[in-house]
Amino acid sequence: MKKIEILDTTLRDGAQSEGISFSLRDKLNIIERLSRFGVDFIEAGNPASNPKDIEVFEKAKLLNLGHSQLVAFGSTSRKDNSPETDNGINALLAAGTKFVSVFGKSHASQVGSVLRVTLDENLSMIRRTIEHLKGRGREVIFDAEHFFDGYKSDKEYALSVLKTAKKAGAINLILCDTNGGCFPDEITEITKAVTRCLSPSNCDIIGIHCHDDTGCAVANTIAAVKSSATHVQGTFIGIGERCGNANLSAVIPNLQLKLGYLCVEPKNMEGITETARFIGEVANVRLPRNMPYVGGAAFSHKGGMHIDGVMKSPESFEHIPPEKVGNERNLLLSEMSGRGTLLQKLNAIGRNLTIMKNDPIVEKLTNRVKELEHKGYQFEAADASFELLVLQEMGLFKPHFKILEYNIVSSLSKACKAKVRISAGEYTEETEASGNGPVNALDMALRKALEVFYPELSAVKLSDYKVRIINGDDNTAAITRVLMESGFYSGGNSGTTWTTVGAGDNIISASMVALVDSLEYALQKFHNFL
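The sections below set out a description of the structure shown in this document. Computed from a predicted structure; not experimentally measured.

Here we take up the nonpolar core. Ranked by size, the top nonpolar core spans 91 residues in total, and within it Ile31, Phe142, Phe147 and Ile252 carry the most contacts. In terms of residue count, helix α7 (residues 155-168) provides more of this core than any other element does, seven residues in total. Phe142 has contacts with Val102, Phe103, Gly104, Ile126, Ile130, Val161, Ala165, Ala170, Asn172, Leu173 and Ile174, leaving out every residue within four places of it along the chain. Membership of the second largest hydrophobic core comes to 34 residues, among which are Ile422, Ala445, Leu519 and Ala522.

Okay, here's the thing in structure tokens:
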């Protein structure tokens, strides 16, 4: 297996993504997780840009990163500065990393219009910067900024930049599609031309850095590797400026599982889904469910014939077994599903249920699901509501409480108020609470009442709330579907999440159904009914 070096720039290029702001602790947590997964290089930031990144490099020295190497990022020395007196170069050295990444212009026209120096002066800045860093014991990764556009504009000058960096001692020459405008055929042609120019004996120093402005960053990265690049840069979940960077959680399994390259230790590949989701959580980015390999829907199946096929022959609808990347198959329950799907879901619930295909409960539940979905419910993303439905239809459900009455008062000038009266066994409780909107007020009032009887519910939090109008043509009489995601945020079950669904002709009643299911599901979990 040919080794491909992986440089993750989530903490540098990814941090430039709109809406992303990493704290010091966030950066250190991501560094640790990336090192555990086993990437070769972790570009942790630009120490010349802000005090936080300086502190990151200082604190990271205390971490055990295995074979992963931290990389400090910066530019070549400025126009009128020698490397010895350049603040940016001195900050790179002060970061104390063995490896540094510096970028320099390789687009001839930008050398004059942006840097305001001559072409020869730019080459001199690159040469002197790399030689100075090498002389201070650093290994230099050189990012040829705007390389592909520069090559198409002035091939000879773009190549002279690479030759200058190589001669000065750079260990890697990174071809950057900085504005993300290239297509795979261009990447292939130009990368091969660069390899020929530098001679086969030096092809192992070529790397690729792609942005996703045409949606081709992953494809462009793979095209470069197939054309002899041996060093890949990207961000772990594809975040980055504008449209983002090449998504390493797709690039790495594509290269290793599909094409036979070695990017990380094979045993680590099963951790790629967990790593991607961890980084998404820290970055406060909700990963698209259809993200390849690591998304929640990457191995989901909904159509009855698809599900039947994948159960008989998984490779018919799955290009790899999901467990190879630490993900799992998900059979979605809907009106399109067959009895086989329902049977799989039933036997996955637990409680030692073993139900055969000809069991009357299968047909009963199939018809009940289709009836509810006709009314606006959707169970494919609401497993918790489905599990409660199964228990109800099988006569195994024992409710912990009952809503006797609720009322909401709303005004323009004040917060919403909700009043709830419930019964739990032979006792009743009536409470009132204010909230930011009617649903929040209901949630607060209902919890306040229930925690009198079930204090363990204080560990449960509502984490996401989605509303969809099903039949918009009916205007204000349209059916509203509500999906709620809840989870345990303290205690032994911390981290467990579930989703419930409610539907009705008004948003309040639909939300109440989903809310009751969410809290009932939590109580069933607490008391080991699920």
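This part is about helix α14 (residues 360-374). If you check α14, its first and last C-alpha atoms are 22 Å apart, about what 15 residues at 1.5 Å a residue would give, namely 21 Å. Among the residues of α14, Ile361, Val362, Leu365, Thr366, Val369, Leu372 and Glu373 are the ones counted as buried. The buried residues of α14 occupy one face: seen down the axis, they fall within an arc of 135 degrees. Facing away from the buried side of α14, by more than 90 degrees, are the exposed residues Pro360 and His374.

Right, let's get into the pairing of strand β7 (residues 206-210). With five of its five residues buried, β7 lies for the most part within the structure. Here β7 shows a buried face lined by Ile206, Ile208 and Cys210 and a second buried face lined by Gly207 and His209. Both strand β6 (residues 172-177) and β7 contribute to a ladder of five bridges, which runs parallel. Its bridge partner lying in β7, Asp177 is registered against Cys210. Summarising the sheet, β7 and strand β8 (residues 231-234) pair through three bridges and their orientation is parallel. When the bridges of β8 are listed, Gly207 appears paired with His231.

Moving on, we get to the packing of helix α1 (residues 24-37) against helix α11 (residues 272-282). In contact at an axis separation of 10 Å, α1 and α11 are set at 175 degrees when each is read in the N-to-C sense. Compared by their axis directions, α1 and α11 come out roughly antiparallel. Contact residues: Asp26, Asn29, Ile30, Arg33, Leu34 and Phe37 in α1; Ile272, Glu274, Thr275, Phe278, Ile279 and Val282 in α11. Counted by class, the contact of α1 with α11 contains seven nonpolar, two polar and three charged residues.

Rules used throughout
- Residues numbered from 1 in each chain as written.
- Predicted model: local features only at pLDDT ≥ 70, side-chain atom pairs only at ≥ 80, totals over all residues.
- Heavy atoms only, no water.
- Core = buried A, V, L, I, M, F, W, Y, C linked by side-chain atoms within 4.5 Å.
- Buried < 20%, exposed > 50% of the residue type's maximum accessible area, 1.4 Å probe, protein only.
- Helix = DSSP H or I, 4+ residues; strand = E, 2+ residues; numbered from the N terminus.
- Contact = heavy atoms within 4.5 Å.
- Expected span 1.5 Å × (residues − 1).
- Arc of directions from axis to C-beta.
- Pairing = 2+ DSSP bridges.
- Axes fitted to C-alpha atoms, helices over the stretch in contact; angles between N-to-C directions.
- Parallel < 35°, antiparallel > 145°, perpendicular 65-115°, else oblique.
- Nonpolar A, V, L, I, M, F, W, Y, C, P; charged D, E, K, R; others polar.

Geometry only, nothing functional implied.
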